[in-house]
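So you can see what is in the structure, the chains are spelled out below.
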Amino acid sequence: MQSNDEVVGILLAAGRSRRFGRDKLLHPLADGTLMAIASAYALRAVLPRTIAVVRADNETLAAVFAAHGIETTVAENAASGMGASLAAGIAATAQACGWIVALGDMPFIHPQTIASVANQLRAGACLAAAAYKGQRGHPVGFSGIYRDQLLALRGDQGARSLLQQYDSELVLVECEDPGVLVDIDT
């Protein structure tokens, strides 16, 4: 499969928000922006091609993304976990040379942080992730060499096993952005 030189943003937004009590991605932040839109805008500010991965039964969220000009793809097997959602996003953008993966419930990541992770991929890193005070967070970048492994993901661990397996390849991008560690669950 040929790949181009485009790094694509993938926003994982196919969860069920069980701990939150309702669809947290549609919850407005203090400034009124919906959580999912804030997360998507941060990615798109750096990566013009950003795609949000949604569940098949979440037409409301898909419509909100569409209204804000955010491309979506459906994870048909989203119920099986984050791995299936990530695989769906990779499949929809398989021609990319790399991906920056962010979570829909992490709206406080600065675009500069996303740019720093993307720049590591463009500079030749195989894996890159934002870190704050030495703790790995999100987003995480994957070069195209992991395409087949990402497409094969299943289960609720997402790409965690891949990151563990290739830990020596991971470039941590230290940043002054505590948002890389802040997800909203309740």
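That block above? That's the structure.
Described below are features of the structure shown in this document. From a predicted model like this one, the values you see are computed outputs, not experimental measurements.

### Topic: the nonpolar core
Judged by nonpolar contacts, the single largest core of 62 residues is most densely connected at Ile10, Phe65, Leu86, Trp99, Ile100, Phe142 and Leu150. A total of eight residues in this core trace back to one element, the largest contributor, which is helix α1 (residues 35-46). Ignoring sequence-local partners within four residues, the contact set of Phe65 consists of Leu11, Ala13, Ala36, Ile37, Ala40, Ala52, Val54, Ile70 and Thr72.

### Overview of the packing of α1 against helix α2 (residues 59-67)
Put simply, α1 and α2 touch, their axes get as near as 10 Å, and they point 45° apart. By the criterion of interaxial angle, the relationship of α1 to α2 is oblique. Taken as a pair, α1 and α2 cross one another with a handedness that is right-handed. When α1 is examined against α2, the residues Ala36, Ile37 and Ala40 are found in contact with a partner set consisting of Leu61, Val64 and Phe65. Across the contact of α1 with α2, the residue classes tally to six nonpolar, no polar and no charged.

### Details of the packing of aromatic side chains
Counted by the stated rule, this structure contains one aromatic pair. With centroids separated by 5.1 Å and ring planes inclined at 55°, the aromatic side chains of Tyr146 and Tyr166 adopt a geometry described as tilted. With Tyr146 in the loop between β6 (135-143) and α5 (147-151) and Tyr166 in the loop between α6 (160-165) and β7 (170-174), this residue pair connects regions lying 20 residues apart in the sequence. Judged by relative accessible area, which is 24%, Tyr166 ranks as partly exposed.

### What to know about the packing of α1 against helix α4 (residues 111-122)
At a closest axis distance of 8 Å, the pairing of α1 and α4 adopts a crossing angle of 50°. With respect to α4, the axis of α1 lies oblique. Pair α1 / α4 crosses with right-handed handedness. Along the contact surface, α1 presents Ala42, Leu43, Ala45 and Val46, while α4 presents Pro111, Ile114 and Ala115. Grouping the constituent residues of the contact of α1 with α4 by class yields seven nonpolar, no polar and no charged.

### A few points about unusual backbone geometry
The amide bond that connects His138 to the next residue, Pro139, takes the cis arrangement and shows omega of 5°. Assignment of secondary structure puts Pro139 in strand β6. The backbone of Lys133 sits at a positive phi, close to 50°, despite the residue not being glycine. Under the relative-accessibility criterion, Lys133 is labelled exposed at 68%.

### Examining the sheet that holds strand β4 (residues 98-103)
Reading across from one edge, β3-β2-β1-β4-β6-β5-β7 is the order of the seven strands in this open sheet, with mixed pairing throughout. Two strands in the sheet have a free side with no partner beyond their single neighbour: β3 (71-75) and β7. Put simply, the sheet's adjacent strands are angled 30° from each other on average, direction ignored. Note: strand β5 (residues 127-132) against β6, five bridges, orientation antiparallel. Counted as the bridge partner of Ala128 is Gly141 from β6. Of the strands in this sheet, β1 (7-12), β2 (50-55) and β3 are in contact with α2, which crosses β2 at around 165°. In the packing of α4 onto the sheet, the strands contacted are β1, β4, β5, β6 and β7, and the crossing angle to β6 comes to about 45°.

Cut-offs used in this document
Residues numbered from 1 in each chain as written. Predicted model: local features only at pLDDT ≥ 70, side-chain atom pairs only at ≥ 80, totals over all residues. Heavy atoms only, no water. Core = buried A, V, L, I, M, F, W, Y, C linked by side-chain atoms within 4.5 Å. Buried < 20%, exposed > 50% of the residue type's maximum accessible area, 1.4 Å probe, protein only. Helix = DSSP H or I, 4+ residues; strand = E, 2+ residues; numbered from the N terminus. Contact = heavy atoms within 4.5 Å. Axes fitted to C-alpha atoms, helices over the stretch in contact; angles between N-to-C directions. Parallel < 35°, antiparallel > 145°, perpendicular 65-115°, else oblique. Left-handed = near helix turned anticlockwise from the far one by under 90°. Nonpolar A, V, L, I, M, F, W, Y, C, P; charged D, E, K, R; others polar. Phe/Tyr/Trp six-rings, centres within 6.5 Å; stacked < 30°, edge-to-face > 60°. Pairing = 2+ DSSP bridges.

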